[in-house]
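# Residue-level structural notes
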Amino acid sequence: MEKKEKRSEEQCKQLKNRISRMVGQLNGINRMLEENRYCGEILTQVAAVESALQSFGYIVLKEHLETCVVEGIQNGNDKMMEEVIELVKKLK
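### Section: the packing of helix α1 (residues 9–34) against helix α2 (residues 39–74)
- The interhelical angle for the contact between α1 and α2, taken along N-to-C directions, is 165°, at an axis separation of 10 Å. Of the possible angle classes, the one that applies to α1 and α2 is roughly antiparallel. Where α1 crosses over α2, the handedness of that crossing is left-handed.
- Classifying every residue of the contact of α1 with α2 by side-chain character gives 16 nonpolar, four polar and three charged.

Next comes the structure, spelled out in structure tokens:
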């Protein structure tokens, strides 16, 4: 399925910046493993990446609700709410 309403350049930039930060954090965890760093420090960074990824997901979900879901419901798509419920479950 393809998104009908195009994301603005600013939205794309913000989402890509968030992804870049998460990639940087993951690379940092990799370096920590190579340096045989303390487990607690690594777990702290894992928690930070998980939090960042969850936040990213909520931003995309909010955008989805405000655009794709509204449009789907307005066009009579009776499966839209089922999709939303499944997506929310996946993000938990």
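That shown, we press on.
### A closer look at the confidence of the model for the protein chain
- When pLDDT is averaged across the protein chain, the result is 94; 97% of the residues are at 70 or more.
- Here helix α3 (residues 80–91) stands out as the element of the protein chain with the lowest mean pLDDT, 94, in contrast to α1, whose mean of 97 is the highest.

### As for the pattern of salt bridges
- Evaluation of the coordinates by the stated rule reveals five salt bridges.
- Glutamate 41 is the partner of arginine 37 in a salt bridge, and the nearest nitrogen-oxygen pair spans 2.8 Å.
- Residue class for arginine 37 comes out partly exposed when judged on its relative accessible area of 37%.

### Considering α2
- Given a rise of 1.5 Å per residue, 36 residues ought to cover 52 Å, and the 51 Å separating the end C-alpha atoms of α2 matches this to within 8%.
- Along α2, the sharpest kink reaches roughly 40°, centred on leucine 65.
- All buried positions along α2 are accounted for by Ile42, Val49, Phe56, Gly57, Leu61, Glu63, His64, Thr67, Val69 and Gly72.
- In this structure, the buried residues of α2 make contact with α1 and α3.
- Taken from the residues just after α2, glycine 76 is the one with a positive phi, measuring 85°.

### Some thoughts on α1
- Along its 26 residues, α1 runs 37 Å from first to last C-alpha, staying within 8% of the 38 Å computed at 1.5 Å per residue.
- Regarding α1, the residues found buried are Leu15, Met22, Gly28, Ile29 and Met32.
- Tucked into the core, α1 has its buried residues touching α2.
- Within two residues after α1, asparagine 36 carries a phi angle of roughly 55°, on the positive side.

### Points about the packing of α2 against α3
- Their axes nearest at 11 Å, the elements α2 and α3 cross at an angle of 180°. Judged by the inter-axis angle, α2 sits roughly antiparallel to α3. Contacts between α2 and α3 involve Gln54, Gly57, Tyr58, Leu61, His64, Leu65, Cys68, Val69, Gly72 and Ile73 from the former and Met80, Met81, Glu83, Val84, Leu87, Val88 and Leu91 from the latter.
- In terms of residue class, the contact of α2 with α3 is built from 12 nonpolar, four polar and one charged.

Procedures and definitions
- Residues numbered from 1 in each chain as written.
- Predicted model: local features only at pLDDT ≥ 70, side-chain atom pairs only at ≥ 80, totals over all residues.
- Heavy atoms only, no water.
- Axes fitted to C-alpha atoms, helices over the stretch in contact; angles between N-to-C directions.
- Helix = DSSP H or I, 4+ residues; strand = E, 2+ residues; numbered from the N terminus.
- Parallel < 35°, antiparallel > 145°, perpendicular 65-115°, else oblique.
- Left-handed = near helix turned anticlockwise from the far one by under 90°.
- Nonpolar A, V, L, I, M, F, W, Y, C, P; charged D, E, K, R; others polar.
- pLDDT = per-residue confidence, 0-100.
- Salt bridge = Lys/Arg side-chain N within 4 Å of Asp/Glu carboxyl O.
- Buried < 20%, exposed > 50% of the residue type's maximum accessible area, 1.4 Å probe, protein only.
- Expected span 1.5 Å × (residues − 1).
- Bend = angle between axes of the 7 residues up to and from the residue.
- Contact = heavy atoms within 4.5 Å.

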